[in-house]
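Structural description and commentary
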Amino acid sequence: MKFKIINKGTAEYQEAYRFQLELVNQRQKGFIDDTIIFVEHPAVITRGRKGRKSGGNILIAEQELAAKGIKVCEVDRGGDVTLHCPGQLVVYPVFDLNNHGRDIHGYLRNLEEVVIRVLRDYSISPERIRGFTGVWVGGRKIASIGVGVSRWIAYHGVSLNVSPELKQYSMINVCGMEKVRMTSMEELLNRRIAVREVIPVVAKHFNAVFDRKDCWDGREDGSEGGKKNRFKFSSAG
Amino acid sequence: MKEIILPELGEDIKEATVSFWHHKEGDEVKAEEDIVEFYTDKANFSVKAQASGILKAISVKEGEKASVGQVIGEIEER
């Protein structure tokens, strides 16, 4: 079985969303294996199911958003309002949860675990806050998580702040919570860091956390060379 | 009658809120198609129809909560 990775580079939210749904459909039919999409979105605000009910949480006027060219999209994931923008690594795993325990909240914890391990690799000390899905560092949020599940196929996923312009978050109450401060890897490390640098690290920890030993296509001896070749990167436009 | 039940969704999910029904009472539904969508704090998920027929009753409406195992509607089988 292969664990496929698709690096879409930068793509509009809606385009990537349609692409996800296509993969969900193919995964349901068994045409493809578990797949992870990596993408960066131009600035966009999305509102999950919880946000649809709670209303507010977007703090700037519609005209102002329009002037900035920022759209608001209603989406079929859990959670409230979030913002995507360049510098944020968005990860959409399209996974069949039948093979990963059929436990939706357990799946959320596993996604947190992937991010936690990535950050530890960069000597950042992340934490979970019980009742507040996501990953936090010193009380500030660094990664947001919200998923959709259709017939046990999971989609949507994780957004990790690698190097976004943090002041953009002042446009929303992140995840519908007031006074949540966001941070980023760049802020914590006090150096420039590129999204593309983080992608292979995230891929590596997905493999470990979801225990996909069967997707190993590198060397048998466990050397670094093998590990580096573990994933086949492909571009899907 | 085929009952529509909120299924087990994992260890710590005890209840979920209906986001919307894909159909109204009286609509014809087909087995295996998505019939109702739920959400919890950070996840949303759809439940499919277990049988083809007429959606006879919706007992948990949009915005209302249901517990795992609870009957949320009924399909009159055809």
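As the structure is a computational prediction, the values presented were derived from the model and not from experiment.

Per the secondary structure count, chain B includes zero helices and eight strands. Starting at the N terminus and walking to the C terminus, you meet the elements of chain B as β-β-β-β-β-β-β-β. The C-alpha atoms of chain B give 12 Å as radius of gyration, which agrees with the globular expectation for 78 residues (12 Å, within 12%). The dimensions of chain B, computed from C-alpha atoms along their principal axes, are 35 × 20 × 20 Å. The buried share of chain B, reckoned over its 78 residues, is 35%. Looking at chain B alone, contacts between residues at least 24 apart form 57% of all its contacts between residues at least 6 apart.

The next point concerns the overall build of chain A. Helix and strand counts for chain A stand at seven helices and eleven strands. Burial status across chain A gives 40% buried among its 237 residues.

What follows covers the confidence of the model for chain B. Here chain B averages 93 in pLDDT, while 100% of its residues score no lower than 70. Across the interfaces of the predicted complex, the ipTM metric reaches 0.83, alongside a pTM of 0.85.

Once that is clear, we can look at the interface of chain A and chain B. Counting residues at the interface gives 21 residues for chain A and 17 residues for chain B. When residues of the side of chain A that touches chain B are traced back to their parent elements, those giving at least two are helix 2 (49-54), helix 4 (104-121) and strand 9 (140-150) of chain A. Counting residues per element, the side of chain A that touches chain B draws most heavily on strand 9 of chain A, at six residues. Taken together, the residues of the side of chain A that touches chain B break down into five nonpolar, eight polar and eight charged.

A separate point is the pairing of strand 2 (residues 15-21) of chain B. Residues and elements named next belong to chain B. In this sheet, strand 7 (residues 65-67) lies alongside strand 2 in antiparallel orientation, the contact comprising three bridges. Along strand 7, the bridge assignment pairs Glu-15 with Ser-67. Pairing analysis gives four bridges linking strand 2 to strand 4 (residues 34-39), with the strands arranged antiparallel. The residue bridging Phe-20 from the neighbouring strand is Glu-37, located in strand 4.

Residues and elements named next belong to chain A. Relative to the 22 Å expected for 16 residues at 1.5 Å per residue, helix 1 (residues 13-28) spans 22 Å between its end C-alpha atoms, a close match to the ideal helical length. Listing the buried residues of helix 1 in full gives Tyr-17, Gln-20, Leu-23, Val-24 and Arg-27. Considered in projection along helix 1, the buried side chains sweep an arc of 125° and stay on one side of the axis. Across from the buried face of helix 1, at angles greater than 90 degrees, the exposed residues are Arg-18 and Glu-22. Check the buried side of helix 1 and you find it contacts strand 2 (35-40), strand 6 (88-96), strand 9 and strand 10 (153-161). Positioned one or two residues after helix 1, Gly-30 has a phi angle of 80°, which is positive.

Right, let's talk about the nonpolar core for a bit. All names here are of chain A. Leu-89 and Val-115 are the most contacted members of the largest nonpolar core, which totals 63 residues. Here this core takes nine residues from helix 4, the largest share from any one element. For Val-115, the contacting residues outside a window of four places in its chain are Pro-126, Val-135, Ala-143, Val-158 and Leu-160. Core analysis: the second largest hydrophobic core is formed by eight residues, Ile-45, Cys-85, Val-174 and Met-182 among them.

Moving on, we come to unusual backbone geometry. With phi around 50°, Arg-151 of chain A is a residue other than glycine that occupies positive phi space. Note on placement: Arg-151 of chain A falls in the loop between strand 9 and strand 10. Taking the number of C-beta atoms within 10 Å as the measure of exposure, Arg-151 of chain A has 16 and is therefore partly exposed. For Glu-32 of chain B, which is not glycine, the phi torsion reads 80° and is therefore positive. Looking at the secondary structure, you find Glu-32 of chain B in the loop between strand 3 (28-29) and strand 4. What makes Glu-32 of chain B exposed here is the crowd of 12 C-beta atoms within 10 Å.

This part takes up the pairing of strand 8 (residues 132-137) of chain A. Residue and element names in this part refer to chain A. With two bridges connecting them, strand 7 (residues 127-129) and strand 8 associate as antiparallel partners. Bridging from a neighbouring strand, Glu-127 pairs with Trp-136 of strand 8. Between strand 7 and strand 8, which follow one another and run antiparallel, lie two residues, and Gly-131 among them has a positive phi close to 90°. The loop that links strand 8 with its antiparallel partner strand 9 comprises two residues; one of these, Gly-138, has a positive phi angle of about 55°.

About the cut-offs
Residues numbered from 1 in each chain as written. Chains lettered and ligands numbered in written order. Predicted model: local features only at pLDDT ≥ 70, side-chain atom pairs only at ≥ 80, totals over all residues. Helix = DSSP H or I, 4+ residues; strand = E, 2+ residues; numbered from the N terminus. Rg over C-alpha atoms; globule rule 2.2 N^0.38 Å. Buried ≥ 20, exposed ≤ 12 C-beta atoms within 10 Å, placed from the backbone. Contact = placed C-beta atoms within 7 Å. pLDDT = per-residue confidence, 0-100. Nonpolar A, V, L, I, M, F, W, Y, C, P; charged D, E, K, R; others polar. Pairing = 2+ DSSP bridges. Expected span 1.5 Å × (residues − 1). Arc of directions from axis to C-beta. Core = buried A, V, L, I, M, F, W, Y, C linked by C-beta atoms within 7 Å.

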